[in-house]
Amino acid sequence: MSPRTLFDKVWTAHEVVKETADTPAVLYIDLHLIHEVTSPQSFSLLRSLGLPVRRPDRTLATMDHSTPTKSEQVFGTEPIKMDAAARQVAQLEKNAAEFGIELFDMHDARRGIVHVISPELGCTLPGMTIVCGDSHTSTHGAFGALAFGIGSTEVGHVFATQCLLQRKPKTFAINVEGSLKPGVTAKDLILAIIGKVGVSGGTGYVFEYRGATIRALSMDERMTICNMSIEAGARAGMIAPDEVTFAYLKDTPRAPKGAAWDAAVARWRELASDPGAVYDAAIDIDAAALEPMITYGTNPGMVVPITGDIPAAPAAGQPAAAVFDQALAYMGFRGGEAMLGKPVNVVFIGSCTNGRLEDLEAAAGILKGRKVAPGVKLLIVPGSQQVKRAAEALGLAQIFKDAGADWRESGCSMCLGMNGDTVAAGAYSISTSNRNFEGRQGVGARTLLVSPLTAAASAVQGRITDPRTLL
Ligand code: SF4
């Protein structure tokens, strides 16, 4: 057999019916993650057709996108303020009960952002196919799973059949070598990759992140990388499982145990791409040359080193000049301006990109003994209730509160502002999330994507700040 990539191995193992020139493949799905926002229509469809969920045991529900982050609303002393969110939460409770699906409801200690809880519970495992009605399902690729977001109609297909119609993507090797310098994080690396590939450069591909730099990353960092694959247009991002992966999963509640664990690890070791495997495309990244990165426009590919200037014209792979000009006008920026020193109104640390414990530890390292600048709102939202408890046990939450931050319950929160955690029109938001589209964090909100280090440093100074100056 000719050498195969990680992607080829996982794809082939799940192909129920191969694709033809006229028909897509039928792909078996191991794990279907659902939440309160993109599932209601699909449950209604099942009901109207009189169908059950084909594999409720392969389906897991949580509440994250529109849920409140204020403790009093989460734990019931006050009602959920937003009617739409209250309805979605109640509907998911009803649907999960009716169709026999396990649900981590508002009070469950395991609840959190769907892409944070599944790995920490050991539901995400190497070699799986995983889907969810959320674009950033690519996160789970950090474990060597083939994981991607699907639309509401496809959620219904998976409910009914546990399969999905898919065209086979091509493979794209992202080869990363060199050590990241102090103050330069996995978030900076993925922003730099998106800047180089462009926001549509990955269209039709599955990325495989490879090289010594990737091998040296923790699982939290690998998840940050894979999470944003979609922002370069890729269907998914994957990293071959290794000892770091196995160590992370070993004691998670739902990972295989005993002899089953040993057998699983032996299988997972076979998933890495074979020497000589051929990719359809490839780029090389020198991680040692990178600086902290920051976006200046309205897509994640409009990104520069933090010490850099806003370009005067779109770079290769970027949108046309008119779109570029519109983006700068929306942001209130001009080509040639420096990023450093620009004023900041809101800082958001959280999301499925950077709401894990290591992200909070990084932010706390900057915030310890410092105060948030006057007039700046710093919102810190852990990715899960487990992350929240861990951060509180380590004293991180106290550091945040002492600095003047608002420390909340877990959820998507200001990543997309569906729960009322929004940024005012015209305000500048330094955010560790993954999308800076127009209006993503609120109507007229201006989002700049950064690492947790840069977010914390900018919160302290009240302006865009190179985190290396505060390390
Ligand atoms: S944090 Fe943002 S990107 Fe992640 S699951 Fe929630 S809404 Fe989607």
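Residues numbered from 1 in each chain as written. Predicted model: local features only at pLDDT ≥ 70, side-chain atom pairs only at ≥ 80, totals over all residues. Heavy atoms only, no water.

Turning our attention to the site of the ligand. Around the ligand, the neighbouring residues are His65, Ile113, His115, Asp134, His136, Ser351, Cys352, Cys412, Cys415, Leu416, Asn434 and Arg440. Taken together, domain 1 (6–166) and domain 3 (294–466) each give at least three residues to the shell around the ligand, which thus spans both. (Near = heavy atom within 4 Å. Domains from an automatic or database assignment.)

Before going further, it helps to spend a moment on the pattern of salt bridges. Side-chain pairs of opposite charge can arise where the charged atoms are in close proximity. Evaluation of the coordinates by the stated rule reveals 22 salt bridges. The partner of Arg254 in a salt bridge is Glu102, and the shortest N-O contact between them spans 2.7 Å. With Arg254 in the loop between α10 (243–249) and α11 (258–269) and Glu102 in strand β5 (residues 102–104), this residue pair connects regions lying 152 residues apart in the sequence. (Salt bridge = Lys/Arg side-chain N within 4 Å of Asp/Glu carboxyl O. Helix = DSSP H or I, 4+ residues; strand = E, 2+ residues; numbered from the N terminus.)

The next thing to look at is the nonpolar core. Within the largest apolar cluster, 92 residues are counted, with the highest numbers of intra-cluster contacts made by Ile101, Leu146, Ile174, Ile193, Tyr209 and Trp268. Element by element, the count of residues in this core is highest for helix α7 (residues 186–197), at eight residues. Residues from two domains meet in this core; each of domain 1 (6–166) and domain 2 (170–242 + 267–289) gives at least three. Apart from residues lying up to four places away in sequence, Tyr209 is in contact with Ile174, Ile190, Ile193, Ile214, Ile225, Cys226, Ser229, Gly237, Met238 and Ile239. Core analysis: the next-biggest nonpolar cluster, separate from the first, contains 51 residues, Val116, Tyr296, Val387 and Ile464 among them. (Core = buried A, V, L, I, M, F, W, Y, C linked by side-chain atoms within 4.5 Å. Buried < 20%, exposed > 50% of the residue type's maximum accessible area, 1.4 Å probe, protein only. Contact = heavy atoms within 4.5 Å.)

All right, on to the environment of Ala316 then. Among the secondary structure elements, Ala316 is positioned in the loop between β14 (303–305) and α12 (321–331). For Ala316 and Gly198, which are 118 residues apart along the polypeptide, the C-alpha to C-alpha distance reads 7.8 Å.

Note that Ser71 resides in helix α3 (residues 71–74). Leaving out residues up to four positions away in the same chain, Ser71 has contacts with Gly76 and Glu409. Of the polar contacts made by the side chain of Ser71, one reaches the side chain of Glu409; its length is 2.6 Å. (Polar contact = N/O pair within 3.5 Å; in protein donor to acceptor, adjacent residues only side chain to side chain.)

How two aromatic rings sit relative to each other is given by the distance of their centres and the angle of their planes. Across all of its chains, the model carries 12 aromatic pairs by this definition. Measuring from centroid to centroid gives 5.5 Å for Trp261 and Trp268, while their planes differ by 85°, and the two rings are edge-to-face. Aromatic side chains Phe333 and Tyr428 sit 5.4 Å apart centroid to centroid with 5° between the ring planes, which places their arrangement in the stacked category. Residue Phe333 is found in the loop between α12 and β15 (346–349), and its partner Tyr428 is found in strand β18 (residues 428–431); the two are separated by 95 residues along the sequence. For Phe333, a relative accessible area of 7% puts it in the buried group. (Phe/Tyr/Trp six-rings, centres within 6.5 Å; stacked < 30°, edge-to-face > 60°.)

Once that is clear, we can look at the side chain of His140. Structurally, His140 is set in the loop between β6 (129–132) and β7 (146–149). Residue classification places His140 among the buried residues on the basis of a relative accessible area of 0%. Not counting chain neighbours up to four residues away, the residues in contact with His140 comprise Leu33, Val114, His115, Ser118, Pro119, Thr124, Ile130, Ala145 and Ala147.

With that out of the way, let us pick up helix α5 (residues 114–121). In terms of burial, α5 is largely enclosed, as eight of its eight residues are buried. Listed as buried for α5 are Val114, His115, Val116, Ile117, Ser118, Pro119, Glu120 and Leu121.

As a further point, take the environment of Asp30. One can find Asp30 in the loop between β2 (25–28) and β3 (31–34). Those residues in contact with Asp30 that lie beyond four places of it in its chain are His14, Arg58, Gly127, Met128, Thr129 and Gln162.

A cluster of nonpolar side chains, namely Leu45, Leu49 and Leu51, defines an oily patch on the protein surface of about 270 Å² accessible area. Examined against the element boundaries, Leu51 turns out to sit in the loop between α2 (40–49) and β4 (59–62). On the basis of relative accessible area, Leu51 is assigned to the partly exposed category, the value being 35%. (Patch = residues over 30% accessible without salt bridge, like charges linked within 9 Å, V, L, I, M, F, W, Y side chains within 5 Å. Areas by Shrake-Rupley, 256 points an atom, 1.4 Å probe, with all protein chains shown as cover.)

This paragraph deals with the domain arrangement of the chain. Split into domains, the chain comes out as domain 1 (6–166), domain 2 (170–242 + 267–289) and domain 3 (294–466). Computed from C-alpha coordinates alone, the two centres of domain 2 and domain 3 are separated by 23 Å. Carbon and sulfur atoms supply 54% of the area that domain 2 and domain 3 bury against each other, a total of about 1600 Å² over both sides. Our count for the domain 2 to domain 3 interface comes out at one salt bridge. In this structure, Arg435 and Glu231 form a salt bridge, with 2.9 Å as the shortest nitrogen-oxygen distance. The interface formed by domain 2 and domain 3 includes 10 residue pairs in polar contact (both at pLDDT 80 or more). Going through the elements one at a time, α7 and α9 (219–227) are the ones with two or more residues in the side of domain 2 that touches domain 3. Class assignment for the residues of the side of domain 2 that touches domain 3 results in six nonpolar, seven polar and five charged. (Buried area = accessible area lost by both parts, 1.4 Å probe. Nonpolar A, V, L, I, M, F, W, Y, C, P; charged D, E, K, R; others polar.)

Of all the positions in helix α15 (residues 385–393), only Gln385, Val387, Lys388 and Ala391 are classed as buried. Projected down its long axis, α15 shows its buried positions confined to an angular sector of 155°, all on one face. Where α15 is buried, its residues contact α5, α14 (357–367), α16 (396–403) and β17 (406–407). Where α15 starts, the residue carrying a side-chain oxygen 3.3 Å from the main-chain nitrogen of Gln386 turns out to be Ser384. Phi for Gly395, located one or two positions after α15, is positive at around 85°. (Arc of directions from axis to C-beta.)

A separate point is unusual backbone geometry. Phi is positive for Gln162, close to 60°, though the residue is something other than glycine. Even without being a glycine, Ser413 presents a positive backbone phi close to 50°. Relative accessible area serves as the criterion here: at 0%, Ser413 is assigned to the buried category.

Take empty space enclosed by the protein next. Inspection of the entire model under this criterion finds one cavity of 30 Å³ or more. The computed volume of the largest cavity comes to approximately 30 Å³. Lining of the largest cavity is provided by Leu33, Ile34, Leu60, Ala61, Thr62, Val114, Ile117 and Ser118. The set of elements that each furnish at least two residues to the lining of the largest cavity consists of β3, β4 and α5. Broken down by class, the residue content of the lining of the largest cavity amounts to six nonpolar, two polar and no charged. (1 Å grid on protein atoms, 1.4 Å probe; cavity = no way out; pocket = protein on both sides within 12 Å on 5 of 7 lines; lining within 4 Å. Points joined across faces, edges and corners; volume = space filled by probe spheres on them.)

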